[in-house]
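# Inside the fold
So the chains spell out like this:
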Amino acid sequence: QVQLVESGGGLVQAGGSLRLSCAASGRTFSAYNMGWFRQAPGKEREFVAGIGWGGIGTRYADSVKGRFTISRDNAKNTVYLQMNSLKPEDTAVYYCAADGPFKSLKNTQSDYDYWGQGTQVTVSS
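Here's a quick rundown of the structure. In this text, all values refer to a predicted model and were calculated from it rather than measured experimentally. (Residues numbered from 1 in each chain as written. Predicted model: local features only at pLDDT ≥ 70, side-chain atom pairs only at ≥ 80, totals over all residues. Heavy atoms only, no water.)

### A closer look at a nonpolar patch on the surface
Note the threshold: Like charges within 9 Å and nonpolar side chains (Val, Leu, Ile, Met, Phe, Trp, Tyr) within 5 Å are joined into patches, using only residues over 30% in relative accessible area that form no salt bridge. All accessibility values rest on the Shrake-Rupley procedure with a 1.4 Å probe; residue burial counts only the protein chains present in the view. By convention in these notes, a salt bridge is any Lys or Arg side-chain nitrogen within 4 Å of a carboxyl oxygen on Asp or Glu. Helical segments are the DSSP runs of H or I of at least four residues, strand segments are the runs of E of at least two, and each set is numbered from the N terminus.
Together, Trp53, Ile56 and Phe102 make up an exposed nonpolar region whose accessible area comes to about 340 Å². Looking at the element boundaries, Ile56 is found in the loop between strand E5 (46-51) and strand E6 (58-60).

Printed below as a string of structure tokens:
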């Protein structure tokens, strides 16, 4: 089992920045791909960004490329999502997810086995 707890959400004006954190506990964190997904009201959950186990490789949704950066600190069992140049359409509940161990990095939620409870991000115009 892997337990995930997100933090760092909040209210920010358009053009601002936020950094989300996801603390993991349980099995060997470094062996798991980590992903960020989001779900806006009335919409399906969508992939935002992913980072491979051991920090090998990253993937981003086209809508966030150049604005968001995913990173991980295996010593702290934490994955981050730095979000810059935020837009109102980024408003959603953001979820952290884990897939592994030692799998190829995917961008579909059905591939992820463990999920956090989510953190709300609201971007005002």
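### Some points on the side chain of Ser21
Basically, it comes down to this: Contacts are assigned to residue pairs with any non-hydrogen atoms lying within 4.5 Å of each other.
Within the secondary structure, Ser21 sits in strand E3 (residues 18-26). When sequence neighbours within four positions are dropped, the list of residues in contact with Ser21 reads Val5, Glu6, Ser7, Trp36, Thr78, Val79 and Tyr80.

### Describing the nonpolar core
Using the following cut-off: Working definition of a nonpolar core: buried Ala, Val, Leu, Ile, Met, Phe, Trp, Tyr and Cys residues. They are joined through side-chain atoms within 4.5 Å. Buried, partly exposed and exposed residues are distinguished by accessible area as a fraction of the type maximum, computed with a 1.4 Å probe on protein chains only: under 20%, between the cut-offs, and over 50%, respectively.
Leu4, Met34, Trp36, Val79, Leu81, Met83 and Tyr94 are the most contacted members of the largest nonpolar core, which has 31 residues in total. When neighbours within four sequence positions are excluded, Val79 is seen to be in contact with Leu20, Ser21, Cys22, Phe29, Met34, Trp36, Ile51, Ile70, Ser71, Arg72 and Cys96. Residues Phe37, Ala97, Leu105 and Tyr112 belong to the second largest nonpolar core, which totals five residues.

### Observations regarding the pattern of salt bridges
Considering all chains together, one arrives at six salt bridges under this definition. Between Glu46 and Arg38 there is a salt bridge, with its nearest N and O atoms 2.6 Å apart. Relative accessible area serves as the criterion here: at 36%, Glu46 is assigned to the partly exposed category. Taking the relative accessible area as the measure of exposure, Arg38 reaches 6% and is therefore buried. Taken together, the shared-partner salt bridges connect Arg38, Glu46, Arg67 and Asp90 into one network.

### Regarding the packing of aromatic side chains
Which entries qualify depends on this criterion: Stacked, tilted and edge-to-face are the three classes assigned to paired rings of Phe, Tyr and Trp, where Trp is represented by its six-membered ring and a pair needs centres within 6.5 Å; plane angles under 30 degrees give stacked, over 60 edge-to-face, the rest tilted. Lysine NZ or arginine CZ positioned within 6 Å of the ring centre and within 35 degrees of the ring normal marks a charge as sitting over the ring.
All told, the structure shown has six aromatic pairs when counted by the stated rule. Centre to centre, the rings of Tyr32 and Tyr114 are 6.3 Å apart; their planes meet at 65°, and the pair counts as edge-to-face. Here Tyr114 lies in strand E10 (residues 114-115) and Tyr32 lies in the loop between E3 and strand E4 (33-39), a separation of 82 residues in the sequence. Classification of Tyr32 as buried rests on a relative accessible area of 4%. For Tyr114, a relative accessible area of 15% translates into the label buried. Ring pairs connect the aromatic residues Phe37, Phe47, Tyr112 and Trp115, which therefore count as one cluster. The ring of Trp115 carries the charged tip of Arg45 above its face, separated from the ring centre by 4.6 Å. Here the guanidinium or amino end of Arg72 rests over the ring plane of Phe29, the centre of that ring lying 4.5 Å away.

Scope: geometric values only; no functional claims are made or implied.
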